[in-house]
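# Remarks on the overall topology
The residues making up each chain are set out below.
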Amino acid sequence: MPADILVGTQWGDEGKGKLIDVLTRDVDMVVRFQGGNNAGHTVEIGDQKYVLHLIPSGIFRPNVKNIVGNGVVADPIGLMEELKALAARGIDVSNLEISDRVQLIFAYHKKADALRESKAGVKIGTTGRGIGPAYSDKANRCGIRGIELRNPASLERLFREQGEKYNRLFEQAGVERLDLDAEWQKVAEAAAYLAPYVANTAYTIAAALKAGQKVLCEGAQGGLLDIDHGTYPFVTSSSTVAGGACPGAGIPPQAVRNVWGVIKAYTTRVGEGPFPTELFDETGEALRQEGREFGATTGRPRRCGWFDAVASGYSIMLSGVNLLAVTKLDVMDKLPEVKLCVAYDINGVRTTELPASAEVLEAAKPIYETMPGWLTSTSGAKSWDDLPAAAQAYLNRLAELVGARIGIVSVGPRRDQTFEL
Ligand code: GDP
Ligand code: IMO
Ligand code: MG
């Protein structure tokens with residue numbers, strides 16, 4: 001014991017990868033517990049920049065064990081390529097285990113994802129990585145799990161069975177069938193490559209906890225993209241709140257100590273869906289340019305806006321966040337004034353609760369508090385005392401609004417641009 005959990009508290013891309021890398025200074029194990037390669041977690045070390053999709057962000061620390069937990073949906077070909085690319089850059093990837101219970105993503109899931117986006121009534125703006133179809137198969141109990149990577153004969157049989165089912169759907173929809181023979185060749189290569197990493201990771205994690213090692217669970221996406229609590233249907237297909245780490249990694253609730261909530265000092269969102277504080281003016285553009293807000297996975301420009309204490313506060317409440325890691329404060333350095341959304345006006349009624357209906361949330365008008373900007377560079381700050389008073393006031397107000405204590409502030413993408421409070 002204990003296990004700490006780190007989650008995103010907004011619509012993803014809060015800087016989780018950077019924070020995991022920083023926190024793994026004194027951690028023994030990092031576990032991804034949900035999502036798949038829809039995630040893009042950036043870690044900058046010196047002049048090197050890495051973007052991780054399925055591999056946990058503890059991979060750069062040689063003594064840290066990294067686990068792709070059972071709650072993940074893993075594209076074997078993507079995972080193999082990611083491992084090869086890291087190894088080619090001199091990163092030791094031997095300290096990795098892949099759960100024998102992960103759900104595997106195949107080409108037919110990605111094709112079904114694309115088809116749904118092009119044909120369905122509601123376009124989600126997914127990452128196109130087959131996440132929704134793979135989790136649907138899991139819930140429908142026809143998914144294929146990590147253990148099959150060790151058994152090529154059974155993997156091939158299951159892959160062809162499922163692939164044929166999807167091909168019939170593609171035919172009905174008037175789109176081209178997948179060439180299962182060609183796809184199988186790629187899957188077989190990836191399976192052979194990944195098989196040595198496959199393990200019953202729940203036991204690995206339990207043994208680590210029993211031995212008193214520190215385990216850090218790495219969330220993907222963010223609380224507002226949660227399948228139950230997010231801005232449904234504009235969400236991802238997994239439990240992104242901290243509670244998801246228990247089933248997704250296979251750890252008991254009593255093992256959990258701290259919940260870190262990573263929170264961007266403003267707000268971004270990629271894809272469709274309501275975003276009450278979105279800015280369509282030059283301030284939004286300034287945040288996008290200063291913050292380099294372009295998707296780490298798809299390269300799409302991220303929608304940008306003011307900090308939303310109603311939406312973030314809801315996700316922080318659900319995850320039981322007791323420590324906040326506020327990132328990208330430096331991106332706001334040049335703004336003459338800064339705003340925080342403290343409530344919504346929905347059809348003339350003031351509320352601090354996030355409504356269930358995406359339609360209602362679309363109609364919400366943000367009620368702002370305006371504070372003076374600090375107009376000073378914070379990117380070199382090494383401590384709280386180095387921050388200008390206006391930045392301190394902004395952070396204090398933000399923490400007060402969401403009801404959690406700030407434990408870390410990040411003022412740039414590098415490891416050393418981080419300080420604890
Ligand atoms: P994740 O998905 O939560 O891991 O976040 P992403 O990697 O998708 O996006 C965060 C981006 O912000 C990455 O390019 C990081 O290198 C960068 N970043 C992280 N923290 C900071 C910070 O405090 N300031 C600035 N300017 N950039 C940061
Ligand atoms: P990280 O871990 C930001 C968004 C997509 C889309 C919705 C559903 O890097 O923070 P999906 O492909 O999951 O079915 O897409 O969720 N989305 C993310 N947005 N960061 C992510 O991951 C995301 N993963 C999915 O843009 O709106
Ligand atoms: Mg990301």
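Note that the coordinates shown come from a computational prediction; the quantities given were computed from them, not determined experimentally.

### Topic: the site of ligand 2
Taken together, 21 residues are adjacent to ligand 2, and Asp13, Lys16, His41, Thr127 and Thr236 come closest. In the environment of ligand 2, an oxygen atom lies 2.9 Å from a nitrogen or oxygen atom belonging to the backbone of Gly40. Arg300 places a side-chain nitrogen or oxygen 2.9 Å from an oxygen atom of ligand 2. In the complex, 97% of the free accessible area of ligand 2, which totals 550 Å², lies under the protein chains.

### Quick look at helix α4 (residues 131-139)
Buried within α4 we find Ile131, Pro133, Ala134, Tyr135 and Asp137. Buried residues along α4 sit in contact with β6 (73-74), α3 (107-119) and α5 (152-172).

### Structural notes on the domain arrangement of the protein chain
Domain annotation of the protein chain identifies domain 1 (3-99 + 199-259), domain 2 (103-194) and domain 3 (264-420). Computed over C-alpha atoms, the centres of domain 1 and domain 3 are 23 Å apart. Carbon and sulfur atoms supply 55% of the area that domain 1 and domain 3 bury against each other, a total of about 3,000 Å² over both sides. By the criterion of area lost to domain 3, the three top residues of domain 1 are Gln10, Trp11 and Lys18, representing 22% of everything that side buries. On the surface where domain 1 and domain 3 come into contact, there are 3 salt bridges. The salt bridge partner of Arg415 is Asp21, with a shortest N-O separation of 2.7 Å. Among the elements of the structure, α1 (16-23), β3 (41-45) and β11 (256-264) are those that each provide at least two residues to the side of domain 1 that touches domain 3. Among the elements that make up the side of domain 1 that touches domain 3, the one with the highest residue count is α1 (5 residues). When its residues are assigned to classes, the side of domain 1 that touches domain 3 shows 17 nonpolar, 13 polar and 7 charged.

### Overview of the pairing of strand β5 (residues 65-68)
Two strands pair when backbone bridges link them, and strand β2 (residues 29-32) and β5 are joined in this way by 4 bridges, in the parallel orientation. Paired with Val31 across the two strands is Ile67, which belongs to β5. As paired strands, β5 and strand β7 (residues 96-99) are joined by 3 bridges and run parallel to one another. Paired with Val68 across the two strands is Ile98, which belongs to β7.

What counts, and where the lines are drawn
- Residues numbered from 1 in each chain as written.
- Chains lettered and ligands numbered in written order.
- Predicted model: local features only at pLDDT ≥ 70, side-chain atom pairs only at ≥ 80, totals over all residues.
- Heavy atoms only, no water.
- Near = heavy atom within 4 Å.
- Polar contact = N/O pair within 3.5 Å; in protein donor to acceptor, adjacent residues only side chain to side chain.
- Areas by Shrake-Rupley, 256 points an atom, 1.4 Å probe, with all protein chains shown as cover.
- Buried < 20%, exposed > 50% of the residue type's maximum accessible area, 1.4 Å probe, protein only.
- Helix = DSSP H or I, 4+ residues; strand = E, 2+ residues; numbered from the N terminus.
- Contact = heavy atoms within 4.5 Å.
- Domains from an automatic or database assignment.
- Buried area = accessible area lost by both parts, 1.4 Å probe.
- Salt bridge = Lys/Arg side-chain N within 4 Å of Asp/Glu carboxyl O.
- Nonpolar A, V, L, I, M, F, W, Y, C, P; charged D, E, K, R; others polar.
- Pairing = 2+ DSSP bridges.

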